[in-house]
Amino acid sequence: MENEFTPFAIISGDAAKRVSKEKYSGEDLLVGGKADAMRHLVWQATMAKKFGPTFSNLVGQWHETGLIPVWMGGAGGYFPTFTERAAKQSPIEKEQDLVNNRLGREIAEKAETQEDIYRLAEQYINEGKAKLVDPRDIPDPYY
């Protein structure tokens, strides 16, 4: 578990994957549902706590869209770094992930500890704050 918090492991979402499996063991971690939401909430919250919300947002945007925002002298733009995964993801799935990524960064602002992140993420799911999509509503999952 300690290796879950190296920089690479945080960006890869190792702790997020583990806690999602523990909390929602019967669900698919990748597509829709509570496990997917938990994974994104914890991933973004953990990354935002360690590296800041701007970096966390950047990685989350790239992961979901394949595009990385670039700021040059105040002018916003994008350069494509399209990933195979982002190209195959359905719009409903992408929306769920982007919303939960944003909520994860919100959780990071409230959390003092990693345990707080886990607790708040579960609370967001249980109280209906997290965006959940029924996996059966996702056409042609990318995997």
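Residues numbered from 1 in each chain as written. Predicted model: local features only at pLDDT ≥ 70, side-chain atom pairs only at ≥ 80, totals over all residues. Heavy atoms only, no water.

## Quick notes on the side chain of Asn100
Here's step 1: Looking at the secondary structure, you find Asn100 in helix 6 (residues 91–110).
Here's step 2: Taking the relative accessible area as the measure of exposure, Asn100 reaches 0% and is therefore buried.
Here's step 3: Beyond its immediate sequence surroundings of up to four residues, Asn100 is in contact with Ala37, His40, Leu41, Ala130 and Lys131. (Helix = DSSP H or I, 4+ residues; strand = E, 2+ residues; numbered from the N terminus. Buried < 20%, exposed > 50% of the residue type's maximum accessible area, 1.4 Å probe, protein only. Contact = heavy atoms within 4.5 Å.)

## Points about a nonpolar patch on the surface
Here's step 1: Taken together, the side chains of Ile11, Phe51 and Phe55 make up a nonpolar region of the molecular surface, amounting to roughly 210 Å² of accessible area.
Here's step 2: Looking at where Ile11 falls in the secondary structure, it is placed in helix 1 (residues 7–12). (Patch = residues over 30% accessible without salt bridge, like charges linked within 9 Å, V, L, I, M, F, W, Y side chains within 5 Å. Areas by Shrake-Rupley, 256 points an atom, 1.4 Å probe, with all protein chains shown as cover. Salt bridge = Lys/Arg side-chain N within 4 Å of Asp/Glu carboxyl O.)

## Some points on the pattern of salt bridges
Here's step 1: Applying the stated criterion across every chain, the model contains eight salt bridges.
Here's step 2: A salt bridge links Lys23 to Glu122; the shortest N-O distance between them is 3.1 Å. In this pair, Lys23 sits in helix 2 (residues 14–23) while Glu122 sits in helix 7 (residues 114–126), placing the two residues 99 residues apart along the sequence.
Here's step 3: On the accessibility criterion, Lys23 (39% relative accessible area) is partly exposed.
Here's step 4: With relative accessibility at 24%, the residue Glu122 sits in the partly exposed group.
Here's step 5: Measuring nitrogen to oxygen at the nearest pair gives 3.5 Å for the salt bridge that ties Lys129 to Glu127.
Here's step 6: Overall, Lys129 belongs to the partly exposed group, its relative accessible area being 42%.
Here's step 7: Owing to a relative accessible area of 48%, Glu127 belongs among the partly exposed residues under this scheme.

## Describing helix 6
Since the α-helix packs 3.6 residues into each turn, any two residues three or four apart lie on the same face.
Here's step 1: Over its 20 residues, helix 6 extends 29 Å from the first C-alpha to the last, a length consistent with the 28 Å expected when each residue adds 1.5 Å.
Here's step 2: For helix 6, every residue scored as buried is listed here: Glu93, Gln96, Asp97, Asn100, Asn101, Leu103, Gly104, Arg105, Ile107 and Ala108. (Expected span 1.5 Å × (residues − 1).)

## With respect to the packing of aromatic side chains
Here's step 1: Counted by the stated rule, this structure contains one aromatic pair.
Here's step 2: A ring pair is formed by Phe51 and Phe55, whose centres lie 5.3 Å apart and whose planes are at 65°; its orientation type is edge-to-face.
Here's step 3: The class for Phe51 is partly exposed, based on a relative accessible area of 31%.
Here's step 4: Over the aromatic face of Tyr124 sits the side chain of Lys129, whose NZ or CZ is 5.0 Å from the ring centroid. (Phe/Tyr/Trp six-rings, centres within 6.5 Å; stacked < 30°, edge-to-face > 60°. Lys NZ or Arg CZ within 6 Å of the ring centre and 35° of its normal.)

## Digging into empty space enclosed by the protein
Leftover empty space is mapped by rolling, across the atoms, a probe with the size of a water molecule.
Here's step 1: Using the criterion set out here, one finds one cavity of 30 Å³ or more in the structure.
Here's step 2: Of the pockets and cavities examined, the largest cavity occupies roughly 30 Å³.
Here's step 3: If you go around the largest cavity, the residues you meet are Glu4, Ala9, Ile10, Gly13, Asp14, Ala15, Ala16, Val42, Trp43 and Thr46.
Here's step 4: Sorting the residues of the lining of the largest cavity by element identifies helix 1, helix 2 and helix 3 (33–51) as the ones contributing at least two each. (1 Å grid on protein atoms, 1.4 Å probe; cavity = no way out; pocket = protein on both sides within 12 Å on 5 of 7 lines; lining within 4 Å. Points joined across faces, edges and corners; volume = space filled by probe spheres on them.)

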